[in-house]
Amino acid sequence: MGIPCYLAMTAAEMLGNAAMPENTGWMACQFSSWNDGLSNLPSTLPAGCVLMLSDETPICGHDPQRILGELQECIARFSCRCLVLDFQRPGNQEAEELIPFLMMLPCPLVVSLPYVRDNCGVLLPPAPLSTSLEDYLSPWRGREIWMELALDGEILTLTEQVAKTIPLPYPNLGTEGFRDDALHCHYRTQLTDTCAEFTLWRTMDDLRDLIKEAETLGCTAVMGLYQELYSTEKL
């Protein structure tokens, strides 16, 4: 059966699809700009959906009790699988203080790296292209691990003096070049008089193999963007 792959969808994407993916995530609840609670709460969701709360709008003067109540109502109404805190603004004290309230929710809590706690699941960024998955996940073994998926790439440039990496968001380079089965990526090389340049990227087949290995290493679930993964080719 394999570990579940949750695809994060906007409200427009959900409304515009008659055939929904098997596992979906609501992307994303936010801290309200006009009151001390949340905005973009769903009016309908498939049962078992993942609810996501982002800090794209920073928390500032919001009421933890009100937020807890709004999330409790939503989770109970739609039988949500879990709450994922996709917090990417480190160092916000109010965000730190909110997490103990959210641990009272009647579903698992999964938290991104800047705010992860010992007694909740961890949401990891996509596995690096130049690191083995086992090495990447090993610091988190023994706890609930959720990992993001992305069809990203990178250019690694090596000279006698330095190694430099440049990210390539969604390069869509297909299957040209070579495939590294250990790192679950494709690559090509270019040599000049002054450097060696390696271009690395992942295809959908690479992601499928990555998910299979992630399951053997104890990963609970993976997550990606619907617009990037499902609309291209179903995982």
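From a predicted model like this one, the values you see are computed outputs, not experimental measurements.

About the criteria used
- Residues numbered from 1 in each chain as written.
- Predicted model: local features only at pLDDT ≥ 70, side-chain atom pairs only at ≥ 80, totals over all residues.
- Heavy atoms only, no water.
- Helix = DSSP H or I, 4+ residues; strand = E, 2+ residues; numbered from the N terminus.
- Rg over C-alpha atoms; globule rule 2.2 N^0.38 Å.
- Buried < 20%, exposed > 50% of the residue type's maximum accessible area, 1.4 Å probe, protein only.
- Contact = heavy atoms within 4.5 Å.
- Phe/Tyr/Trp six-rings, centres within 6.5 Å; stacked < 30°, edge-to-face > 60°.
- Pairing = 2+ DSSP bridges.
- Right-handed = clockwise from strand over helix to strand, strands pointing away.
- Salt bridge = Lys/Arg side-chain N within 4 Å of Asp/Glu carboxyl O.

Caption draft 1: Spatial organisation of the overall build of the protein. Tallying secondary structure elements over the protein gives 6 helices and 14 strands in all. Whereas a compact globule of 235 residues would reach a radius of gyration of roughly 18 Å, the protein reaches 19 Å, a difference of no more than 12%. Considered along the principal axes of its C-alpha atoms, the protein spans approximately 60 × 40 × 35 Å. Counting all 235 residues of the protein, 44% fall into the buried class. Sequence-distant contacts in the protein: of pairs separated by 6 or more residues, those separated by 24 or more amount to 62%.

Caption draft 2: Up close: the packing of aromatic side chains. Applying the stated criterion across every chain yields a total of 4 aromatic pairs. Ring centres of Tyr 6 and Trp 146 lie 5.3 Å apart, and the angle between their planes is 15°; this geometry places the pair in the stacked category. One end of the pair, Tyr 6, is in strand β1 (residues 5–9); the other, Trp 146, is in strand β8 (residues 145–148), and 140 residues separate them in sequence. Across the pair, exposure class does not vary: Tyr 6 and Trp 146 are buried alike. On the numbers, 5.7 Å between centres and 90° between planes, the contact of Phe 87 with Tyr 115 is edge-to-face. On the criterion of sequence distance, the pair formed by Phe 87 in the loop between β5 (82–86) and α3 (93–102) and Tyr 115 in the loop between β6 (109–112) and β7 (121–124) is long-range, its members being 28 residues apart. Tyr 115 matches Phe 87 in its accessibility class, with the two residues each being buried. The rings of Phe 31, Phe 87 and Tyr 115 are connected pair by pair, giving a single aromatic cluster.

Caption draft 3: Here's a closer look at the pairing of β5. The element β5 is extensively covered by neighbouring structure, given that 4 of its 5 residues are classed as buried. Looking at chain direction, strand β4 (residues 50–54) and β5 are connected through 5 bridges and run parallel. Within β5, the residue paired with Leu 53 across the bridge is Leu 85. With helix α2 (residues 64–78) bridging β4 and the parallel β5, this β-α-β connection has right-handed handedness. A crossover links β5 with its parallel partner β6, the connecting element being α3, and its sense is right-handed.

Caption draft 4: Layout of the side chain of Ser 32. Along the chain, the position of Ser 32 falls in the loop between β2 (24–31) and β3 (38–39). Residue Ser 32 is classed as buried on the basis of its relative accessible area, which comes to 4%. For Ser 32, the contacting residues outside a window of four places in its chain are Gly 37, Leu 38, Ser 39 and His 62.

Caption draft 5: A look at the environment of Cys 219. Looking at the secondary structure, you find Cys 219 in the loop between α5 (204–216) and β14 (221–225). Sequence separation of Cys 219 and Pro 167 is 52 residues, and the distance between their C-alpha atoms is 25 Å. For Cys 219, the residues in contact, after removing those within four places along its chain, are Ile 3, Ile 145, Met 147 and Ala 214.

Caption draft 6: Quick look at the pairing of β6. Because side chains alternate across β6, one face comprises the buried residues Leu 109 and Val 111, and the other comprises Val 110 and Ser 112, equally buried. Relative to β6, β5 is paired through 3 bridges, and the arrangement is parallel. Looking at the pairing, Leu 85 lines up with Val 111 of β6.

Caption draft 7: Structural view of the pattern of salt bridges. Summed over all chains, the structure comprises 9 salt bridges. One salt bridge connects Arg 179 with Asp 181, and the closest N-O pair in it is separated by 3.6 Å. On the basis of relative accessibility, which here comes to 37%, the residue Arg 179 falls in the partly exposed class. Classification of Asp 181 by relative accessible area gives exposed; the value is 56%. A salt bridge links Asp 205 to Arg 208; the nearest nitrogen and oxygen atoms lie 2.6 Å apart. Of this pair, Asp 205 and Arg 208 both sit in helix α5, separated by 3 residues, roughly a single helical turn. Residue class for Asp 205 comes out partly exposed when judged on its relative accessible area of 39%. One connected set of salt bridges, linked through shared partners, spans Arg 179, Asp 181, Asp 206 and Asp 209.

Coordinates in, geometry out; function isn't part of it.
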